[in-house]
Amino acid sequence: MLTVALPEEGPRISGGKPRYQIGDKVKVNCTSGLSKPAAQLSWYINGEPAKDSYFRGPYEEETRDGLVRTTLGLEFRIERRHFRKGDLKLKCLASIGTVYWNSNEESVEGERPQRPPALEVKDTKPPTSRADRVLDSKWILTIFLGIHVLIAMPLLATR
């Protein structure tokens, strides 16, 4: 007699990070709920079937009561083409023949390039005309002469 037990829970995705950037290695697992027969797992990247070379497994673990939990790993290095509008969608589909289909999908963000800090520009206008420069230099000369006179006056008084 063939006993069939469908999973009570959908597939779980584990091991992922909330953000990735180009060159990072994605290393995630998809684990099915307990079932009999074992669930078949498959991975999709942005809605497209993942390459078989990215798969690790599948690995099956059987419980004492004959139920099976299946795990299929997905491992690949991120390239620019994996991001769609800055996001990467990973989907795991668990199926048992034509009677059971369930999936789980995770969306992760690509690293956003940091914007450089805004430069603050201060308006330090130089004198606009020669007359301004002359006035500025006369003002400096007046102060210099005033100090000089203040120093010299006590000396003259003592003579």
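Residue positions within a chain follow its written sequence, with the count starting from 1. In keeping with the predicted nature of the model, local features appear solely for residues at pLDDT of at least 70, side-chain atom pairs appear and are counted solely at 80 or more, and the whole-chain, interface and lining totals rest on all residues. Here the side-chain values reflect all heavy atoms present in the structure, with hydrogen atoms and water set aside.

Digging into the UniProt feature "domain: CD80-like immunoglobulin C2-set" (unreviewed entry) in the protein chain
Thought 1: The UniProt record annotates "domain: CD80-like immunoglobulin C2-set" (unreviewed entry) at residues 15–53.
Thought 2: Under the DSSP-based scheme used, a helix requires at least four consecutive residues in state H or I and a strand at least two consecutive residues in state E, with every element numbered from the N terminus. The span residues 15–53 is 0% helical and 44% strand by assignment, and the distance between its end C-alpha atoms comes to 19 Å. UniProt positions are given in the numbering used here, feature names are shortened, and annotations may be inferred rather than shown by experiment.

Comments concerning the pairing of strand 4 (residues 40–45)
Thought 1: For each residue, the accessible area found with a 1.4 Å probe, counting protein chains only, is set against the maximum for its type, and the residue is called buried under 20%, exposed over 50%, and partly exposed in between. Residue alternation in strand 4 divides its side chains into a buried set, Leu 41, Trp 43 and Ile 45, and an unburied set, Gln 40, Ser 42 and Tyr 44.
Thought 2: Note that strand 4 and strand 8 (residues 87–96) share six bridges and pair antiparallel. For Trp 43, the partnering residue across the bridge sits in strand 8 and is Cys 92.
Thought 3: Across two bridges, strand 4 lies against strand 5 (residues 48–49) in antiparallel orientation. Along strand 5, the bridge assignment pairs Ile 45 with Glu 48.
Thought 4: In this scheme, strands are said to pair when DSSP sees at least two bridges between them. The turn joining strand 4 and strand 5, which pair antiparallel and follow one another in sequence, is formed by two residues; a positive phi near 55 degrees is taken by Asn 46.

Here we look at the state of the cysteines
Thought 1: By definition, disulfides here are pairs of cysteine sulfur atoms that lie within 2.5 Å. Taken as a whole and judged by the stated rule, the model has one disulfide.
Thought 2: The disulfide partner of Cys 30 is Cys 92, and the gap between their sulfur atoms is 1.8 Å. The sign of the S-S torsion, about -75 degrees, decides the handedness of the disulfide formed by Cys 30 and Cys 92: left-handed. With Cys 30 in strand 3 (residues 25–31) and Cys 92 in strand 8, this pair connects stretches of sequence that are 62 residues apart. Comparing Cys 30 with Cys 92, the two get one shared label, buried.

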